[in-house]
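# A closer look at the structure
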Amino acid sequence: MTDDIPNPALLPAGLVDALPPEAEREAALVEALMATFAGHGYERVKPPLLEFEDSLLAGSGAAVAEQTFRLMDPVSQRMMGLRADTTPQVARIAATRLGAEPRPLRLSYAGQVLRVRGTQLSPARQLPQVGIELIGAESAAADAEVAVVAVEALAAVGVADGSLDITLPTMAPALLDHAGVSPELRRRLARALDRKDAAAVAEAAAEGGAALAGLSPLLHAAGPADGALAALEAAHLPPAARAIADNAAAVIAAIRALAPGLRITLDPVEFRGFQYHTGVAFTLYGPGNSGEMGRGGRYEAQRGEAATGMSLYPDAMLRAAPQPAPMPRVFIPAGSDPELARALRAQGFATVAALGPGDTPGRLRCTHVLEGGRAAPLEGGRAAPLPKKV
């Protein structure tokens, strides 16, 4: 036992305070993303942070059940969950509150999600999440729209030259179902595919017979979309797998029609991390080594309704986006005309009023001072001479 008072700045692992100017950068970035979505007809919804557990984890929400914080509601005495992903909540809204609205629905959202555990690469447990959902349309055009709108949103916040990685999470299960392999062999193949272990895939596929002969070529086909599509076209696929391949080709063609310059890669047998997707799945990457900017794809919403969507990660975008110029801060001496300060704010300045004799421009981190009715830039703590009019 100790009587020491805990450090009030100490937070649980994976939780942090957002401080100036990063908190403002994140807010501005989120609003720029939402403005792009609104420009394409996506209307904003705002689900609650907490929901009853049985509705929060229904449908696609079951995929994040292990990442969901739970607590007892003292009012209803029912278990509740803190959202770990917003997509299931948007699906619930579409099926209930907006169930009678004409389809397709175009919905957008922005908010925080909380997860039980972080990862080695991303230890944060509270994350901002922004995204779009297109509900009630089952077509290659719908999948393409979601992908291209997400790419455009990234460009709007200064993250250009990204790439789109497309995976087919239902392809490997379709091939394994057709082959009728034993549960033990299925587990081995799934593990080998997940680890991209070509030797283990070839060895296990050989045990499965001719029905699995195409697995190894498809594993090696991952890369630029044209090469992967050619490998799929040449492969001897059962009907269910052929339909998946044809749909992928249609989605890629639709994306290229909307964004001809977008770099697209395709991995036909990747399925890691896409537990609830029923069609093509997307991962959006930033330029260079900036990493994942978002994920999404086709899934089944509540009541079996077709849906496709994309969740974007503002925290990753903040690392990749260029640093904006800070808003200039103008020191307003005590007794100054409020109209002058109001005019400066209209010009894009932040005005910082002196509240006491100890307030100085340097102490308040100001870049300008109100002098002669104008914002005079500071140099070395003093007002620089105003530029002469030409």
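Further up the page is the structure itself.
Quick summary incoming for the structure in this document.

## Quick word on the side chain of threonine 86
The topology assignment puts threonine 86 in the loop between β4 (79–82) and α3 (87–95). Among the polar contacts listed, one links the side chain of threonine 86 to the side chain of glutamine 129, at a separation of 2.7 Å. With residues near it in sequence (within four places) discarded, threonine 86 still touches Pro47, Tyr109, Val113 and Gln129.

## Observations concerning the pattern of salt bridges
When their charged atoms lie close together, side chains carrying opposite charge are able to pair. Under the defined criterion, the tally for this structure stands at 17 salt bridges. Ionic pairing is found between arginine 186 and aspartate 177, a salt bridge with its closest N-O pair at 2.9 Å. Looking at arginine 186, the relative accessible area reads 29%, which means it is partly exposed. Its salt-bridge partner being arginine 342, residue glutamate 339 comes within 2.3 Å of it at the nearest N-O pair. Residue glutamate 339 and its partner arginine 342 are located together in helix α12 (residues 338–346), separated by 3 residues, close to a single helical turn. For glutamate 339, a relative accessible area of 48% corresponds to the partly exposed category. What you see here is one network of salt bridges that share partners, running through Glu184, Arg188 and Glu207.

## Comments concerning the pairing of strand β5 (residues 105–114)
Each regular strand carries side chains that alternate between the two faces of the sheet. Of all 10 residues that make up β5, 7 are buried, and the element is covered over most of its length. Strand direction decides the pairing type here: strand β1 (residues 43–44) and β5, joined by 2 bridges, are parallel. Note that in β5 the partner of glutamate 43 across the bridge is leucine 107. Where β5 and strand β6 (residues 126–135) come together, 10 bridges link them in antiparallel fashion. Bridged to valine 113 within β6 is leucine 127.

Calculation notes
- Residues numbered from 1 in each chain as written.
- Predicted model: local features only at pLDDT ≥ 70, side-chain atom pairs only at ≥ 80, totals over all residues.
- Heavy atoms only, no water.
- Helix = DSSP H or I, 4+ residues; strand = E, 2+ residues; numbered from the N terminus.
- Polar contact = N/O pair within 3.5 Å; in protein donor to acceptor, adjacent residues only side chain to side chain.
- Contact = heavy atoms within 4.5 Å.
- Salt bridge = Lys/Arg side-chain N within 4 Å of Asp/Glu carboxyl O.
- Buried < 20%, exposed > 50% of the residue type's maximum accessible area, 1.4 Å probe, protein only.
- Pairing = 2+ DSSP bridges.

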